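Here is how the chains run, residue by residue.
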Amino acid sequence: MRSTVRRAVCPGSFDPVTNGHIDIISRASFLFDEVVVAVGVNKSKSRLFSADERMDMLSEACRQFPNVRVDGFAGLLTSYCQEHDVHAIVKGLRAVSDFDYELQMAQMNSSLAEIETVFVPTSPEYSFLASSLVKEVATFGGDVSGLIPDFVLELLTARLAERNQEASS
Ligand code: PNS
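Residues numbered from 1 in each chain as written. Predicted model: local features only at pLDDT ≥ 70, side-chain atom pairs only at ≥ 80, totals over all residues. Heavy atoms only, no water.

J.: Quick one: what's the story with the overall build of the protein, residue by residue and with numbers?
T.: Looking only at helices and strands, the protein has 6 helices and 5 strands in total. Relative to its length of 169 residues, the protein is compact, with a C-alpha radius of gyration of 16 Å against a globular reference of 15 Å. Seen through its principal axes, the protein has C-alpha atoms that stretch 60 × 30 × 30 Å. Every one of the 169 residues in the protein was classed for burial, and the buried ones make up 43%. When contacts within the protein are restricted to residue pairs at least 6 apart in sequence, long-range pairs at least 24 apart make up 78% of them. Surface summary for the protein: the accessible area is close to 9,600 Å², and the carbon and sulfur share equals 53%. In the protein, the 15 positive side-chain charges and the 23 negative ones have mean positions that sit 3 Å from each other. (Helix = DSSP H or I, 4+ residues; strand = E, 2+ residues; numbered from the N terminus. Rg over C-alpha atoms; globule rule 2.2 N^0.38 Å. Buried < 20%, exposed > 50% of the residue type's maximum accessible area, 1.4 Å probe, protein only. Contact = heavy atoms within 4.5 Å. Areas by Shrake-Rupley, 256 points an atom, 1.4 Å probe, with all protein chains shown as cover. Lys, Arg positive; Asp, Glu negative; His and termini not counted. Charge placed at Lys NZ, Arg CZ, Asp CG, Glu CD.)

Rendered as structure tokens:
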């Protein structure tokens, strides 16, 4: 039997968490009783931050939301949802270009398990925001303050400096 708690996941790789992610998580926390920010820890992709680092950053960023917690998952998202009694996936949609792939994933996830995907339109001020772009702009010295939390900016600056040093030694 389904639990009466309306529990959702906000999945992603969050490498690193941006203010756009936090906006979607915040709005999911109003819609659902409990929200799990599920960090994909599949090893196949190379990341700037480790799974533990990404989860720590999210825990800090989500401390302000009492009904939000952070967890990691490997493998299929639908398996995680089934194992943790989650029946909804919340995804932010930035633009029409996001829709094709997100619709495909939503339909695949719904065919694999009885899980609904709820699309939340990204707030206009974050519609251009993506972790990959933040990393690229920051790598070349661009100003990304205001797009990520201040403590994430510090960690990102430090990590990019480490990478620069490694590359030049
Ligand atoms: O932040 P991202 O990289 O867009 O997040 C993508 C993520 C982690 C949500 C997606 O790749 C995912 O759900 N991966 C888990 C593996 C899985 O279930 N794949 C089938 C998707 S239909």
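J.: Go over the side chain of Ser 131 with me, naming the residues and quoting the values.
T.: When you line up the elements, Ser 131 lands in helix α5 (residues 131-139). The residues touching Ser 131, leaving out its near neighbours within four places in the chain, are Asp 15, Pro 16, Thr 18 and His 21.

J.: How would you explain the packing of aromatic side chains if you had to name every residue and give the values?
T.: We describe a pair of aromatic rings using the distance from one ring centre to the other and the angle between the two ring planes. Here the structure, examined in full by the defined rule, presents 2 aromatic pairs. A ring pair is formed by Phe 99 and Phe 119, whose centres lie 6.0 Å apart and whose planes are at 65 degrees; its orientation type is edge-to-face. Taken together, the positions of Phe 99 in helix α4 (residues 96-112) and Phe 119 in strand β5 (residues 116-121) put the pair 20 residues apart, joining distant regions of the chain. On the basis of relative accessible area, Phe 99 is assigned to the partly exposed category, the value being 35%. (Phe/Tyr/Trp six-rings, centres within 6.5 Å; stacked < 30°, edge-to-face > 60°.)

J.: Outline the pairing of strand β4 (residues 88-93), listing residues and values.
T.: Burial analysis of β4 places 5 of its 6 residues in the buried class, which makes it a mostly covered element. Pairing between strand β1 (residues 7-12) and β4: 2 bridges, direction parallel. Residue pairing in the sheet places Ala 8 in a bridge with Ala 88 of β4. The β-α-β motif built from β4, the intervening α4 and the parallel element β5 has right-handed crossover chirality. (Pairing = 2+ DSSP bridges. Right-handed = clockwise from strand over helix to strand, strands pointing away.)

J.: Would you mind going over the packing of helix α2 (residues 51-61) against helix α6 (residues 150-168) in detail, with residue names and values included?
T.: Two elements in contact, α2 and α6, have axes whose closest approach is 10 Å; the angle formed by their N-to-C orientations is 160 degrees. Looking at the two axes, α2 sits roughly antiparallel to α6. When α2 is examined against α6, the residues Glu 53, Met 57, Glu 60 and Ala 61 are found in contact with a partner set consisting of Phe 151, Val 152, Leu 155 and Arg 159. (Axes fitted to C-alpha atoms, helices over the stretch in contact; angles between N-to-C directions. Parallel < 35°, antiparallel > 145°, perpendicular 65-115°, else oblique.)

J.: Which residues make up the nonpolar core, and what values do they have?
T.: Counting residues in each nonpolar core, the largest one holds 35 residues, and the members touching the most others are Ile 25, Val 37, Leu 58, Val 68, Val 90, Val 144 and Leu 156. Secondary-structure elements contributing two or more residues to this core are β1, α1 (19-31), β2 (34-40), α2, β3 (68-73), β4, α5 and α6. One finds Val 9, Tyr 80, Cys 81 and Ile 115 within the second-largest nonpolar core, a separate group that totals 11 residues. (Core = buried A, V, L, I, M, F, W, Y, C linked by side-chain atoms within 4.5 Å.)

J.: Give me the site of the ligand: which residues, what numbers.
T.: In the vicinity of the ligand, the residues found are Pro 11, Gly 12, Ser 13, Phe 73, Gly 75, Leu 76, Leu 77, Met 105, Met 108 and Asn 109. Between the ligand and the protein, one listed contact pairs an oxygen atom with a side-chain N or O atom of Ser 13 at 2.7 Å. The contact in question runs from an oxygen atom of the ligand to an N or O atom on the backbone of Leu 77, over 2.9 Å. Here the ligand has 550 Å² of accessible area as a free molecule, and 70% of this is covered by the chains. Applying the majority rule of atoms within 2 Å of the grid points places the ligand in the largest pocket. When contributions to the shell around the ligand are tallied by element, the ones reaching two or more residues are β1 and α4. At 3 residues, α4 tops the list of elements feeding residues into the shell around the ligand. Classifying every residue of the shell around the ligand by side-chain character gives 6 nonpolar, 4 polar and no charged. (Near = heavy atom within 4 Å. Polar contact = N/O pair within 3.5 Å; in protein donor to acceptor, adjacent residues only side chain to side chain. 1 Å grid on protein atoms, 1.4 Å probe; cavity = no way out; pocket = protein on both sides within 12 Å on 5 of 7 lines; lining within 4 Å. Sits in = over half its atoms within 2 Å of the grid points. Nonpolar A, V, L, I, M, F, W, Y, C, P; charged D, E, K, R; others polar.)

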